[in-house]
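The residues making up each chain are set out below.
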Amino acid sequence: MGNSNDNDKKGKILKAAAEEFIEFGFYGARMQRIANRAKVNKAMLHYYFSSKENIYREVLKTVFNILIEKLNSIKLEGIKENNPEEKMGQIIDAYAEIFKNYSSYVKLLIYEIITGGRFLPQIIFENINRIPVNPVSGKLYKYFEKQIKEGKIRKINVLQMLISLVSQMVPVFLVKPIAENVFKKLGISDFILEKFIKERKKFVLDILKNGIFEKNKKGRK
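Just so we're clear, the structure is a prediction, and the values are computed from it rather than from any experiment. (Residues numbered from 1 in each chain as written. Predicted model: local features only at pLDDT ≥ 70, side-chain atom pairs only at ≥ 80, totals over all residues. Heavy atoms only, no water.)

Enquirer: Residue-level account of a nonpolar patch on the surface, with values.
Expert: Together, I178, V182, L186, I188, F191 and I192 make up a nonpolar patch on the protein surface, roughly 580 Å² of accessible area in all. A per-element tally of the nonpolar patch places helix α10 (residues 170-186) first, with three residues. In this fold, I192 is placed in helix α11 (residues 190-218). Overall, the relative accessible area of 43% leaves I192 in the partly exposed class. (Patch = residues over 30% accessible without salt bridge, like charges linked within 9 Å, V, L, I, M, F, W, Y side chains within 5 Å. Areas by Shrake-Rupley, 256 points an atom, 1.4 Å probe, with all protein chains shown as cover. Salt bridge = Lys/Arg side-chain N within 4 Å of Asp/Glu carboxyl O. Helix = DSSP H or I, 4+ residues; strand = E, 2+ residues; numbered from the N terminus. Buried < 20%, exposed > 50% of the residue type's maximum accessible area, 1.4 Å probe, protein only.)

Dropping the structure here:
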């Protein structure tokens with residue numbers, strides 16, 4: 001019971017911290033404001049996280065771990081699972097779920113990247129064997145390598161393909177809050193935006209599919 005309560009409090013603090021860091025940056029963020037946002041006293045904040053740096057690092061670790069877990073949950077074994085196009089769609093879905101449910105954390109991750117990645121390299125290094133797209137031992141990377149060897153997709157740079165897959169969807173989720181606000185003021189249903197996101201996913205998959213599947217098949221004699 002106590003552990004569950006601790007996790008709830010930590011979760012509130014981390015979410016509040018993510019919002020504080022996004023608004024004020026790492027150097028502008030204040031421990032007292034984080035405590036106020038989380039509706040806890042500053043002493044409790046220091047009890048769980050002894051410094052602002054520790055909170056910041058923990059927020060990054062949280063979103064990083066959630067993303068790794070989502071990607072690692074994609075099943076790659078069995079007849080039904082042996083469909084590279086479907087796997088690409090599931091990778092997009094994993095990122096979409098993260099953006100939808102953990103938007104503050106993701107924004108902070110992006111902030112960390114564009115401000116030079118002070119803490120992220122160490123987090124990546126500590127978790128390198130768990131990252132499913134790493135070229136050495138990542139299970140998603142190995143899956144697509146296997147598809148190439150079996151002739152199901154043409155010979156491509158797997159890492160570049162995975163980067164393209166994600167990077168072509170990320171801008172949609174970044175501008176989604178702005179689009180929702182504009183749509184609301186214009187009286188346009190959110191359904192239109194959701195429809196656009198689905199169409200975007202199909203468009204991205206079609207581009208990749210035409211590049212790594214259809215051309216390969218047509219080129220065979």
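Let us keep going from here.
Enquirer: Residue-level account of the nonpolar core, with values.
Expert: General note: in soluble globular proteins, nonpolar side chains tend to be found buried as a group. In this structure, F21, I55, M88, I91 and F144 are the most contacted members of the largest nonpolar core, which totals 62 residues. Of all the elements, helix α4 (residues 52-72) adds the most residues to this core, at ten residues. Setting aside chain neighbours within four positions, we find I91 in contact with L71, I74, L140, F144, L162, L165 and V166. (Core = buried A, V, L, I, M, F, W, Y, C linked by side-chain atoms within 4.5 Å. Contact = heavy atoms within 4.5 Å.)

Enquirer: I'd like to hear about the pattern of salt bridges, residue by residue, with values.
Expert: Taken as a whole and assessed by the stated rule, the structure comprises 15 salt bridges. The shortest N-O distance in the salt bridge between R37 and E19 comes to 4.0 Å. Of the two residues, R37 sits in helix α2 (residues 31-38) while E19 sits in helix α1 (residues 2-28), which places them 18 residues apart along the sequence. Given the relative accessible area of 31%, R37 is considered partly exposed. E19 gets classed as partly exposed once you look at its relative accessible area, which sits at 27%. Salt-bridge contacts for E86 lead to K87; the nearest nitrogen and oxygen are separated by 3.7 Å. Note on K87: relative accessible area 1%, which makes it buried. Residues joined by salt bridges that share partners form a network here, namely K15, E19, E20, E23, R33 and R37.

Enquirer: Could you give an account of the confidence of the model for the protein chain, naming the residues involved and the relevant values?
Expert: Taken residue by residue, the protein chain gives an average pLDDT of 84. The fraction at 70 or more is 92%. Counted against residues more than four places away or in other chains, residues 216-221, with its pLDDT under 50, gives six contacts. (pLDDT = per-residue confidence, 0-100.)

Enquirer: An account of α4 is needed here, citing residue identities and associated values.
Expert: With 21 residues, α4 should cover 30 Å at 1.5 Å per step; its first-to-last C-alpha distance of 30 Å lies within 8% of that length. Turning to α4, its buried residues are K52, I55, Y56, V59, L60, T62, V63, F64, I66, L67, I68 and L71. (Expected span 1.5 Å × (residues − 1).)

Enquirer: Please give an account of unusual backbone geometry that cites residues and values.
Expert: For K39, which is not a glycine, the phi torsion comes out positive at approximately 60°. Looking at where K39 falls in the secondary structure, it is placed in the loop between α2 and α3 (42-48). The class for K39 is exposed, based on a relative accessible area of 77%.

Enquirer: Please give an account of the environment of I74 that cites residues and values.
Expert: Structurally, I74 can be placed in the loop between α4 and α5 (84-101). In this structure I74 comes out as buried when scored by relative accessible area, which is 6%. Distance from I74 to A179, taken between C-alpha atoms, is 30 Å for residues 105 residues apart in sequence. Apart from residues lying up to four places away in sequence, I74 is in contact with K87, Q90, I91 and K139.

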